[in-house]
Amino acid sequence: MKLREYEGKRVFAEAGIPVPMGRVIRSVEELGDLSAFGDEVVLKAQVDVGGRGKAGGVVICPTSEARDRAAALFGITIKGLAVTEVLVEERLRIEHEYYCAVMIDRSTRQPVVLFTEAGGVEIEETARTDPDRIRRIGVLPLLTELPPFTVRDLIGREPKALGPVVSALYRAFLAKDALLAEINPLVLLEDGRVLAADAKVIVDDNALARQGIQRNRDLTEREAEAERHGFSYVELDGEIGVVGNGAGLTMATLDLIEHYDLRAANFLDVGGGADRERVAHAVRLLASSPGVRVIIVNLLGGITRCDEVARGIIDAGVAQRVIVRMAGTNEAEGRALLMEHGYEMYDSMDRAVAAAAEARR
Amino acid sequence: MILADKKTGVIVTGATGRQGLFHIRLMNEYAAEVGGIGVVAGVTPGKGGQDAAGVPVYDSIRAALKEHDADASVIFVPSGAAGDSIMESAANGLSLAVAITEHIPVHDTMKALAFARLCGTTVIGPNCPGLLSPGAAKLGIMPPHLATPGPVGVISRSGTLTYEIVDELTKAGIGQSTVVGIGGDPVIGSTFTDVLARFERDPATKAVVLVGEVGGALEQEGAASTSLPVVAYVAGVSAPPDKRMGHAGAIVEGGEGDARSKIRALEAMGVTVASRPSEIPALVRTLL
């Protein structure tokens, strides 16, 4: 789960990384006394999407205008999201922008630390056109601190004050079970201070419980429902609802739907041991999505009991057309039950999806 | 056949949980059917002396190994303790640890894998269905009766999709040497590259089916590393960016790891890529 900028900065501050003076407000009334900020302030909308700067989500203004500008910021939406939180920060006088990040390298199965003196908004461009400008050093996961030589190799001849920040970022990455901890830009100020001007921290979803972080704050009603039942669920914008067991099989079903020029309404993996009740919940959940015309149930596995699945589908009793493909124990009983209640069942996923495509013509 | 055979003795950790009990029974039913050793002991701390689906339970792998010979562990321990179970397997000299457990925090996985590597222990998974050598050995949860012995190795990041493909191969009369589910997590003990290297040394394996999905670049790295003929399938062509598609590792991030660019990269190195699972058997036949 991606933390918001102010949450990420709180993580950094706890790890000993200097961050700009600032506070989060949820309404203009919370602005309070801004005299400590000096002549100018920065107002940054806290929304969970990228590209907020270009969308007008970051405002630099004289402190005297902060109230009006903050009020305006609370009134806009950025890529469809309302601005409910604004981070108010001191204006920084920047001498240079660096980039520093810790992420996970799948190929070497270990954290990798990245550093470049070419930080700022062009970092992705640099990564594409001049990747050698970004230094990358892997770290043995059994170490709990970055070795000093690694820090020296990363920052080279840049100001020594950067070193403790790099070390602290690595500690924060470990302490917070992060998949990514990124400072861009990491700034050197005109007065010689070094601080994290932005913060991007993604915490491993599998570690949220031990980190004491509440999962997914902004769920739609159906996403929350799916979460309650322990389904893996992603909303899409098509017309074919999909229930599968296993992430790979469900993705393959979605791909097949696209192959037939149809559009899937969702990804829903019911997980292992799909029983009567779970299947009924899953089918009802999809039937409640507006625009779902057809539901394809694709279940496979040695221990899935087809008669149970069939009863779940019949229990759900939804109005939409339900097309079933399943294989496993008691397949014949399952088929008989479905046929009896007027449902279609196919023995391959190709035929099941083809049947959905056929009906559209 | 790779990684395990009839002579592989197995310790199951997390033996007294629902999953552990159920799958000890299924693994030993299969072992009895094929004449293999199967599961010799279970481990659950604090439950030593009990019985789990017909095998004796010990408090630790160390204690189990005092009474039994074993080469491998199959791990069903809950996510918070599964990394520790991988390290326990490695520290006790088991040559193979198969981690079935899903939702292990990735920092735990990285640490456990680094430790296992120092001990020389091969890890399959986590978040995987394990492995199956038809007619010889089953370490994990794969339904064995969809498979049949033969010359094709299967390596997959998926579970049920693997069964689907194995079923298609078997129905087409194409048997499998070993089927390996390497796991759906972003960080896994054995990658396509690692498993392909084993298939390459296995005289019985003539071709490999590589089943990938969105996220990372392990598919391309694997295909580039082998001289065996490969048929690939990559799930998630229709997956939107920045959404986790069920598996922790199945996510297109920062514009990287999408299915189409993987398929392009695979095709550029001469790998045959199936556009849907049902095409795989016919494509494999052209390579045998």
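Look above for the structure.
Chemist: Looking at this structure, I do not really get the overall build of chain A. What am I missing?
Modeler: On a plain count of helices and strands, chain A comes out with 12 helices and 18 strands. A compact globule built from 361 residues would reach a C-alpha radius of gyration of about 21 Å, whereas chain A, at 26 Å, exceeds it by more than 25%. C-alpha atoms of chain A, sized along the principal axes, occupy 80 × 50 × 40 Å. In chain A, the proportion of contacts linking residues at least 24 apart, taken out of those at least 6 apart, comes to 67%.

Chemist: Is there a simple way to think about the sheet that holds strand β9 (residues 137–140) of chain B in this case?
Modeler: Across a sheet, paired strands are connected by hydrogen bonds in the backbone, their directions being either parallel or antiparallel. All names here are of chain B. The strand order across the open sheet formed by seven strands is β9-β8-β11-β10-β12-β13-β14, and the pairing between neighbours is mixed. In this open sheet, the two strands that pair with only one neighbour each are β9 and β14 (272–273). Its contacts with the sheet put helix α6 (residues 192–201) on β10 (149–156), β11 (176–181) and β12 (207–213), and the angle it makes with β10 is roughly 165°. Here helix α9 (residues 280–287) sits on the sheet in contact with β10, β12, β13 (230–235) and β14, set at roughly 160° to β13.

Chemist: In this structure, what is going on with the nonpolar core? I would like to understand it.
Modeler: The nonpolar side chains of a soluble globular protein tend to be buried, and buried together. Counting 198 residues, the largest nonpolar core has A:V166, A:L169, B:A97 and B:V98 as its most contacted members. Per-element accounting of this core gives the leading share, nine residues, to helix α5 (residues 162–175) of chain A. Once you skip the residues sitting within four places of it in the chain, B:A97 turns out to touch B:A72, B:S73, B:I75, B:I86, B:S89, B:A90, B:A116, B:T121 and B:V123. Among the nonpolar cores identified, the runner-up in size contains 10 residues, and A:V47, A:L73, A:V83 and A:V86 belong to it.

Chemist: Before we go on, may I ask you to explain the environment of B:A265 in this structure?
Modeler: Residue and element names in this part refer to chain B. Mapped onto the secondary structure, A265 falls in helix α8 (residues 259–268). Owing to 18 C-beta atoms within 10 Å, A265 belongs among the partly exposed residues under this scheme. Separated by 195 residues in sequence, A265 and A70 have C-alpha atoms that sit 41 Å apart.

Chemist: What am I meant to see in the interface of chain B and chain A here?
Modeler: By a frequent convention, interface size equals the accessible area lost on bringing the separate parts together. Taken together, the contact between chain B and chain A spans 42 residues of the former and 38 residues of the latter. Looking at the side of chain B that touches chain A, the elements with two or more residues in it are α4 (106–119), α5 (160–171) and α7 (218–225) of chain B. It is α4(B) that provides the largest number of residues to the side of chain B that touches chain A, a total of seven residues.

Chemist: Explain unusual backbone geometry here, please?
Modeler: Trans is the prevailing form of peptide bonds, just as negative phi is the prevailing case for residues other than glycine. Backbone torsion omega between A:N184 and A:P185 reads 5°, so that peptide bond is classified as cis. With respect to the helices and strands, A:P185 occurs in strand β10 (residues 178–189). Each neighbour pair has its own omega, and for B:G125 with B:P126 the value is 10°, a cis peptide bond. In this structure, B:P126 sits in the loop between β7 (122–124) and β8 (130–133). Within the chain, B:A53 stands out as a residue other than glycine whose phi angle is a positive 50°. Among the structural elements, B:A53 can be located in the loop between β3 (51–52) and β4 (55–58). Here B:A53 falls in the buried class, since 20 other C-beta atoms lie within 10 Å of it. Of note, the phi angle at B:H103 is positive, near 70°, even though the residue is not glycine. Structurally, B:H103 is set in the loop between β6 (96–99) and α4.

Calculation criteria
- Residues numbered from 1 in each chain as written.
- Chains lettered and ligands numbered in written order.
- Predicted model: local features only at pLDDT ≥ 70, side-chain atom pairs only at ≥ 80, totals over all residues.
- Helix = DSSP H or I, 4+ residues; strand = E, 2+ residues; numbered from the N terminus.
- Rg over C-alpha atoms; globule rule 2.2 N^0.38 Å.
- Contact = placed C-beta atoms within 7 Å.
- Pairing = 2+ DSSP bridges.
- Axes fitted to C-alpha atoms, helices over the stretch in contact; angles between N-to-C directions.
- Core = buried A, V, L, I, M, F, W, Y, C linked by C-beta atoms within 7 Å.
- Buried ≥ 20, exposed ≤ 12 C-beta atoms within 10 Å, placed from the backbone.

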